[in-house]
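Overview (structure and organization)
Below, each chain spelled out in residue letters.
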Amino acid sequence: MGPNGGGKTTLLKIILGLLKPLRGVIRVLGEEPEKVRNKIGYMPQYAHVDLKFPITSEEVVLMGLLNSIVSRISSKLASEKAKLALEEVNMGDMAKISFSSLSGGQKQRILLARALIADPEILLLDEPTANVDNEVENKLSGILKNLNKKMTILMVSHDIGFVSQVVETVICVNRRVV
């Protein structure tokens, strides 16, 4: 948590190895971030998806395999992994539905499935509740509690109410991490 411009998203990008820290050294799972990026699932704050592009929910989820070691698997296995990821976020029945036709909350869960498809050890979420209503927030809360049983989740949020329901530890970021 922290103010706008405090460095929360920057911290996530450093953990992903997309940015280098100005000082110090960062290790993720004991390695340089670039070496373990395939063990990290990432859901950005804003998904840059052209809503006019004809793509199904399943195809959006499959994009999560593009930069992964797992991307060399058969299309049948990839499709099975997408199905499992969709089921994990309670969207299994939406696989063949056009992504652009989904509600904001449904899109968030599809993007979460995209972050989950490569079976990450760490899940990074940047403002997962942005622009969603209370019902979607509650569904997302349950999904995250379930996921947290098997993986570490690091989430950026401004929503103290949501955060208090789903987290064990809070990191405050305002140019420094506390």
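This text follows the structure it describes.
Right, let's walk through the structure included here. (Residues numbered from 1 in each chain as written. Predicted model: local features only at pLDDT ≥ 70, side-chain atom pairs only at ≥ 80, totals over all residues. Heavy atoms only, no water.)

Some details on the side chain of Asp126
Inspection of the secondary structure assignment puts Asp126 in strand S2 (residues 122-126). It turns out Asp126 is buried and unbridged, and the closest side chain with the opposite charge, Lys13, is 6.8 Å from it. Separated by 2.7 Å, the side chains of Asp126 and Thr9 make a polar contact. (Helix = DSSP H or I, 4+ residues; strand = E, 2+ residues; numbered from the N terminus. Buried < 20%, exposed > 50% of the residue type's maximum accessible area, 1.4 Å probe, protein only. Lys, Arg positive; Asp, Glu negative; His and termini not counted. Salt bridge = Lys/Arg side-chain N within 4 Å of Asp/Glu carboxyl O. Polar contact = N/O pair within 3.5 Å; in protein donor to acceptor, adjacent residues only side chain to side chain.)

What to know about the environment of Ile97
Of note, Ile97 is situated in the loop between helix H3 (75-88) and helix H4 (104-116). Here the alpha-carbon distance between Ile97 and Glu59, two residues 38 residues apart in the chain, equals 9.9 Å. Once you skip the residues sitting within four places of it in the chain, Ile97 turns out to touch Ile55, Thr56, Ser57 and Leu102. (Contact = heavy atoms within 4.5 Å.)

Some remarks on the pairing of strand S3 (residues 152-156)
Side-chain direction in a regular strand flips from residue to residue, so the side chains alternate between the two faces of the sheet. The pairing of S2 with S3 spans five bridges and is parallel. Bridge pairing links Asp126 to Val156 in S3. Between the parallel elements S2 and S3, the chain passes through helix H5 (residues 134-147) in a crossover that is right-handed. (Pairing = 2+ DSSP bridges. Right-handed = clockwise from strand over helix to strand, strands pointing away.)

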